[in-house]
Every structure is written in structure tokens, then in C-alpha cells.
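Structure assessment
Chain by chain, the residues run as shown.
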Amino acid sequence: MRPFFSRIIKPWLALTAAAVLAGASQQACTKESSAKEPGAPTAQEVGRRENGVHVVDLAVTEKGFEPSPVPLKKGEPVKLVVTRKTDLTCATELVMDEYKIDTKLPLNTPVDITFTPNQSGTLKYGCAMGKMIAGTFVVD
Ligand SMILES: [Cu+2]
């Protein structure tokens, strides 16, 4: 029984564990990369249009900034309406260096942040501590 266990079962267990881990990390990657794919038919619109302004509601929850990533259009003015709904994380402000945004987010109070993305690509924003908690906009 013993040689059998070490020769067959142990390697099998190791393989199974590796497969599970690979599957888990692959899933996490797929989620991110599919959302970033340019022109993907599944890239869903977030928000609404009000007088030529793209209005996007963002929430700060225990999971971070939601939703993210959010697709934006280059040259179209954006109004973020950001509501921090948790006091359990350090995301008490929203910082986005490219547009000189550094806005405090009082608890349960919607805050408007406006900017116009003028360059395509991925924009990262996040908390004041080096964007440890972060979200992204994908400008197209
Ligand atoms: Cu932080």
C-alpha cells in the first residue's frame, strides 16, 4: 500500500492541485483580459448620457471600486458619481494622477468628479496610498 500511495496517489494529488491552481489563476486572468480586449462585442457600456456627458456611477465597497474596468470614449466628457459605501478600507479618496484628480470621498455621500479623457489606453485610479486599492478606465 505504501509504495502504491507514494508512486501513484501522491503524484496524482500534486497534479490535481496544480490543475486546480492553474484553473483558478487562469480564470482571474481571463476576466481581466477579456474586459480589456478592444472592440470585443461583449465590452459592455457602463453609465448613461446626460447632455453629452457620460455619467458613471461608481461605488467604493469592501471589494474596491465598482464597477471596474469601465470603458470610456476619448474626448467625451465624463462625470463620475462616486459613493463610498464602506468604512472598512483605506479607499477614502480617489486619486488619478493623469487628470490631477485627488478627491475626498465622505462616507455614503455621492461626489461628482469630472474630466475628459484625452488619450486612449488604460487609466488607473485608486486610493491615496499608491493606488493599492484601484480601478481602471479603458479609453477608446
Ligand atoms: Cu490604500
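Above this text is the structure in question.
Computed from a predicted structure; not experimentally measured.

**Looking at the environment of Pro-106**
Inspection of the secondary structure puts Pro-106 in the loop between strand E7 (101-104) and strand E8 (111-115). In this structure, Pro-106 is in contact with Arg-84 and Val-111, ignoring residues within four places of it in sequence.

**Considerations on the nonpolar core**
Membership of the largest hydrophobic core comes to 25 residues, with the highest contact counts inside it found for Leu-58, Leu-80, Leu-94, Met-96, Phe-115 and Phe-137. Elements that contribute at least two residues to this core include exactly strand E2 (53-61), strand E4 (70-72), strand E5 (78-84), strand E6 (93-96), E8, strand E9 (121-126) and strand E10 (134-139). Ignoring sequence-local partners within four residues, the contact set of Phe-115 consists of Leu-72, Glu-76, Pro-77, Val-78, Leu-80, Met-96, Tyr-99, Ile-101, Leu-123 and Phe-137.

**Section: the coordination of the copper ion**
For the copper ion, every protein donor is listed as Cys-90 (SG) and Cys-127 (SG), and the spread of their distances is 2.1 to 2.2 Å. On the criterion of sequence distance, the pair formed by Cys-90 in the loop between E5 and E6 and Cys-127 in the loop between E9 and E10 is long-range, its members being 37 residues apart. Residue Cys-90 is classed as partly exposed on the basis of its relative accessible area of 24%.

**Considering the side chain of Arg-84**
Turning to its location among the elements, Arg-84 is positioned in strand E5. There is a polar contact of 3.0 Å between the side chain of Arg-84 and the backbone oxygen of Thr-86. Among the polar contacts made by the side chain of Arg-84, one reaches the main-chain carbonyl oxygen of Leu-105 at a distance of 2.6 Å. Contact partners of Arg-84, with chain neighbours within four places excluded, come to Val-60, Ala-91, Thr-92, Leu-105, Pro-106, Leu-107 and Asn-108.

**Quick look at the side chain of His-54**
Tracing the sequence through the fold places His-54 in strand E2. Looking at His-54, the relative accessible area reads 1%, which means it is buried. Among all residues touching His-54, those that are not within four sequence positions of it are Val-46, Gly-47, Arg-48, Arg-49, Pro-71, Leu-72, Glu-76, Pro-77, Val-78 and Lys-79.

**Quick look at the pattern of salt bridges**
Any two side chains of opposite charge can pair, so long as their charged atoms come close to each other. As enumerated under the stated definition, the model contains nine salt bridges in all. Across the salt bridge formed by Lys-73 and Glu-45, the nearest N and O atoms sit 3.6 Å from each other. Taken together, the positions of Lys-73 in the loop between E4 and E5 and Glu-45 in the loop between helix H1 (2-36) and strand E1 (48-50) put the pair 28 residues apart, joining distant regions of the chain. Here Asp-87 makes a salt bridge to Arg-84, at a shortest N to O gap of 2.9 Å. On the basis of relative accessible area, Asp-87 is assigned to the exposed category, the value being 57%. Beyond isolated ion pairs, a larger network of salt bridges with shared partners links Glu-45, Arg-49, Lys-73 and Glu-76.

**Section: the packing of aromatic side chains**
For the structure shown, the criterion picks out four aromatic pairs. A centroid spacing of 5.0 Å and a plane angle of 75° characterise the contact between Phe-65 and Tyr-125, whose relative ring orientation is edge-to-face. Of the two residues, Phe-65 is situated in strand E3 (residues 64-66) and Tyr-125 in strand E9; the sequence distance between them amounts to 60 residues. For the pair Phe-65 and Tyr-125, a shared accessibility class is recorded, and that class is buried. Seen in terms of ring centroids, Tyr-125 and Phe-137 are 4.7 Å apart; in terms of plane orientation they differ by 25°. Their pairing is stacked. With a gap of 12 residues between them, Tyr-125 in strand E9 and Phe-137 in strand E10 connect regions that are remote in the sequence. With respect to class, Tyr-125 is no different from Phe-137; both count as buried.

Reading the values: rules and limits
- Residues numbered from 1 in each chain as written.
- Predicted model: local features only at pLDDT ≥ 70, side-chain atom pairs only at ≥ 80, totals over all residues.
- Heavy atoms only, no water.
- Helix = DSSP H or I, 4+ residues; strand = E, 2+ residues; numbered from the N terminus.
- Contact = heavy atoms within 4.5 Å.
- Core = buried A, V, L, I, M, F, W, Y, C linked by side-chain atoms within 4.5 Å.
- Buried < 20%, exposed > 50% of the residue type's maximum accessible area, 1.4 Å probe, protein only.
- Donors = N, O, S within 2.8 Å, 3.2 Å for Na, K, Ca; no water.
- Polar contact = N/O pair within 3.5 Å; in protein donor to acceptor, adjacent residues only side chain to side chain.
- Salt bridge = Lys/Arg side-chain N within 4 Å of Asp/Glu carboxyl O.
- Phe/Tyr/Trp six-rings, centres within 6.5 Å; stacked < 30°, edge-to-face > 60°.

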